[in-house]
Amino acid sequence: MAKGSKKKDAKKKDAKKNGKVEAVVRSPEAYPDYRVAPGERIMLPAIDANQSEGYERKRDVLDELEEQRLRIQDLQGKLYAENKHGLLIVLQAMDTGGKDGAIKHVFSGVNPQGCRISSFKAPNPEEANHDFLWRYHKSAPAVGRIGIFNRSHYEDVLVVRVKNLVPEEVWRPRYELINNFEWNLTQNNISVIKFYLHISKDEQKRRLESRLADPNKRWKFSTNDLKERAYWEDYQRAFEDAIYATSTEYAPWYVIPANKKWYRNLAIARAIADTLEAIDPQFPPAEKGLEKITIPD
Ligand code: ATP
Ligand code: MG
C-alpha cells in the first residue's frame, strides 16, 4: 500500500472515531439524484443506463463512494441510538440488475445489528393465504433500524401482472394499497425510499453471458432468467406504470443508471446518505452529572 493512502486511511479512521465524517467533496445539489417526481411519467428506453456523470472508471469514484459509506455508517449509528426513526430501502431490478452487488458495496461497514435484509421469492402457501402485503409488513423495519427489501411488495404489480398470476381487477387496485401501506409506514416514523436499478437489455445479455462463461459465476445462472428475459418489454412497461403510480412525496422512487456497477453504487449510496441526513437522527443526551463520575478500580 502506498504511503499516502495509508495516511488517508488513518485520517478516515480518526474521523470515524470522533463521530465525524470527512467533508463530502460534492454537495447534494451538485449531483443528479435520479429521483422521480410525483406524477412524473418516465419512459425507461429513453433513460440512458450507461450514464455516469462523465466518470470513466471505477477508480474515479472510489473516494467519494467511501465518503458516502462513512456518512451512512455515521448516520446509521445515530438512527440506532436515537431509536425514533427507521428507514425502509426497496431494491427492484430486472434479473442481473445488481441488487445483491449494490447491497454488498453500499452497506459494507454498516453495523449489522441495526440493519436487516429481506429477500422475497414467490410466496409460500402460508403467505399466499394472506393479503399480499402481509409478508412485507412483517419484515418492515422498526424504529432505530434500516430494512432492505431485495425485491418487495412491488413484485405483486410486476411479475404478477406480467405473468398474469391474478386478473387485472386484482393487481390494479394494488398501486393504491401500496401507497397506503407506505404512507402508514411514514406516519409511524419509517421513511421509505425505492430504487429501480436500470440496466439495458444488452447489458443483461452481457451479464448472463459472463455468468455462463465463468465457472465461479455459473451457480448464479438460472434458465428461468432466460424465460423472464423474453418478457423484457412487458416488465419495462410494468415498472414504468408502477413507478408512475407510486412515486410519492413521502416514498420516492429513484431510477438509477446501473450498467456501470461502480456508478450505480455511488448513486445509491448518495441517495441513502442524503435521506438519512434529512431524517437527522441525534445521539440521545447523556445522563446528567456524568462528568463527576469516576470508575472505581
Ligand atoms: P438472484 O440475484 O439470486 O437471482 P433473485 O431476486 O432474482 O436473486 P430468484 O430466486 O432468482 O431471486 O428469483 C425470485 C423470484 O421470485 C423472481 O422470479 C420473482 O419474480 C419471484 N417473486 C418474487 N415475489 C413474487 C410474488 N409476490 N409473486 C410471484 N413471484 C414472485
Ligand atoms: Mg434471479
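Here the structure is a predicted model, which is why all the values come from computation and not from measurement.

Reading the values: the criteria
The residue count restarts for each chain, going from 1 along the sequence in the order it is written. As they are written, the chains are lettered A onward and the ligands numbered 1 onward, keeping that order. Only residues with pLDDT of 70 or above have their local features reported here, since the model is predicted, and side-chain atom pairs are shown and tallied only from 80 upward, although totals for entire chains, interfaces and linings are computed over all residues. Only runs of H or I of at least four residues qualify as helices and only runs of E of at least two qualify as strands under DSSP, and these elements are numbered from the N terminus. This radius of gyration counts C-alpha atoms alone. The globule rule is 2.2 Å times how many residues there are, raised to the power 0.38. Buried, partly exposed and exposed are defined by the number of other C-beta atoms within 10 Å of a residue's own C-beta, namely 20 or more, between the two limits, and 12 or fewer respectively, with C-beta atoms placed from the backbone. Note that contacts rest on C-beta atoms placed from the backbone: two residues are in contact if these are within 7 Å. We treat two strands as partners when DSSP finds at least two bridges between them. As a rule, any residue with its backbone-derived C-beta atom within 6 Å of a molecule or strand is reported as near that molecule or strand. Residues are sorted three ways: Asp, Glu, Lys and Arg are charged, Ala, Val, Leu, Ile, Met, Phe, Trp, Tyr, Cys and Pro are nonpolar, and all the rest, Gly among them, are polar. Given a helix with a known number of residues, its expected span is that number minus one, times 1.5 Å. Whenever a helix is involved, its axis is fitted only over the stretch in contact; in every case the axis is a line through C-alpha atoms, and angles between N-to-C directions fall within 0 to 180 degrees. Angular relationships are summarised with four words: roughly parallel below 35 degrees, roughly antiparallel beyond 145, roughly perpendicular across 65 to 115, and oblique for the angles in between. Here a crossing is taken to be left-handed if its near helix is turned anticlockwise relative to the far helix by less than a right angle, and right-handed if that turn runs clockwise. The predictor rates its confidence in each residue with pLDDT, a number between 0 and 100.

### Description of the overall build of the chain
(1) Moving on: In terms of helices and strands, the chain carries 12 helices and six strands.
(2) Moving on: For 297 residues, the compact-globule estimate of 2.2 N^0.38 gives 19 Å, and the chain sits close to it at 21 Å.
(3) Moving on: Projecting the C-alpha coordinates of the chain onto the three principal axes gives extents of approximately 70 × 45 × 35 Å.
(4) Moving on: Every one of the 297 residues in the chain was classed for burial, and the buried ones make up 32%.
(5) Moving on: Across the chain, contacts joining residues at least 24 apart in sequence account for 84% of those joining residues at least 6 apart.

### Quick word on the sheet that holds strand β1 (residues 35-36)
(1) Moving on: Spatial strand order, β1-β6-β5-β2-β4-β3: six strands in an open sheet with mixed pairing. Lying at the two open borders of the sheet, with one neighbouring strand each, are β1 and β3 (115-119).

### Regarding the site of ligand 1
(1) Moving on: Taken together, the residues surrounding ligand 1 are D95, D100, F120, K121, A122, P123, R151, E155, D156, V159, V160 and S222.
(2) Moving on: When the residues that make up the shell around ligand 1 are grouped by side-chain class, the tally is five nonpolar, one polar and six charged.

### Considering helix α8 (residues 174-187)
(1) Moving on: The terminal C-alpha atoms of α8 lie 19 Å apart, and with 14 residues this matches the ideal 20 Å at 1.5 Å per residue to within 8%.
(2) Moving on: In the core, the buried residues of α8 are packed alongside β2 (86-93), α7 (168-171), β5 (190-198) and α11 (232-246).

### What about the environment of W232?
(1) Moving on: Note that W232 resides in helix α11.
(2) Moving on: Along the sequence, W232 and H105 sit 127 residues apart, while their C-alpha atoms lie 27 Å from each other.

### Points about the environment of H105
(1) Moving on: Along the chain, the position of H105 falls in helix α3 (residues 99-106).
(2) Moving on: Here H105 falls in the partly exposed class, since 18 other C-beta atoms lie within 10 Å of it.
(3) Moving on: C-alpha of H105 to C-alpha of R69: the two residues are 36 residues apart in sequence and 8.9 Å apart in space.

### Remarks on helix α2 (residues 58-82)
(1) Moving on: Between its first and last C-alpha atoms α2 spans 35 Å; for 25 residues at 1.5 Å apiece the expected length is 36 Å, and the two agree.
(2) Moving on: Residues of α2 that are buried: V61, L65, E67, Q68, R69, L70, R71, I72, L75, Q76, L79 and Y80.
(3) Moving on: Where α2 terminates, the next one or two residues include N83, which has phi positive at roughly 60 degrees.

### Concerning the packing of α3 against helix α12 (residues 261-279)
(1) Moving on: Where α3 contacts α12, the two axes come as close as 10 Å, and the packing angle between them is 60 degrees. As the angle between them shows, α3 and α12 are arranged oblique. Relative to α12, the crossing made by α3 is right-handed. Residues G101, A102, H105 and V106 of α3 touch α12, and the partners they reach there are K261, R264, N265, I268, A269 and I272.

### What about the confidence of the model for the chain?
(1) Moving on: Averaged over every residue, the pLDDT of the chain is 92; the share at 70 or more is 91%.
(2) Moving on: Note on residues 1-8: pLDDT under 50 across the span, and one contact to partners over four residues away in sequence or across chains.
(3) Moving on: The low-confidence segment residues 14-24 (pLDDT under 50) makes 13 contacts with residues lying over four places distant or belonging to another chain.

### Thoughts on unusual backbone geometry
(1) Moving on: Its identity is not glycine, yet E53 carries a phi of approximately 55 degrees, on the positive side.
(2) Moving on: Looking at where E53 falls in the secondary structure, it is placed in the loop between β1 and α2.
(3) Moving on: Note on E53: 14 C-beta atoms within 10 Å, which makes it partly exposed.
(4) Moving on: One non-glycine residue, N83, lies in positive phi territory at about 60 degrees.
(5) Moving on: Within the fold, N83 resides in the loop between α2 and β2.

### What to know about the packing of α2 against α12
(1) Moving on: Two elements in contact, α2 and α12, have axes separated by 9 Å at closest approach and are oriented at 30 degrees. Comparing their axes, α12 and α2 come out roughly parallel. Seen along the crossing, α2 lies across α12 with a hand that is left-handed. Residue-level contacts link K58, V61, E64, L65, Q68, R69, R71, I72, L75, Q76 and L79 of α2 to W262, Y263, N265, L266, A269, R270, I272, A273, L276, E277 and I279 of α12.
(2) Moving on: Partitioned by chemical class, the residues of the contact of α2 with α12 number 13 nonpolar, three polar and six charged.

### So, the pairing of strand β6 (residues 253-257)
(1) Moving on: Extensive coverage of β6 is indicated by the burial of five of its five residues.
(2) Moving on: The alternating pattern of β6 places W253, V255 and P257 and Y254 and I256 on opposite faces, both of which are buried.
(3) Moving on: Note that β1 and β6 share two bridges and pair antiparallel. Looking at the pairing, V36 lines up with W253 of β6.

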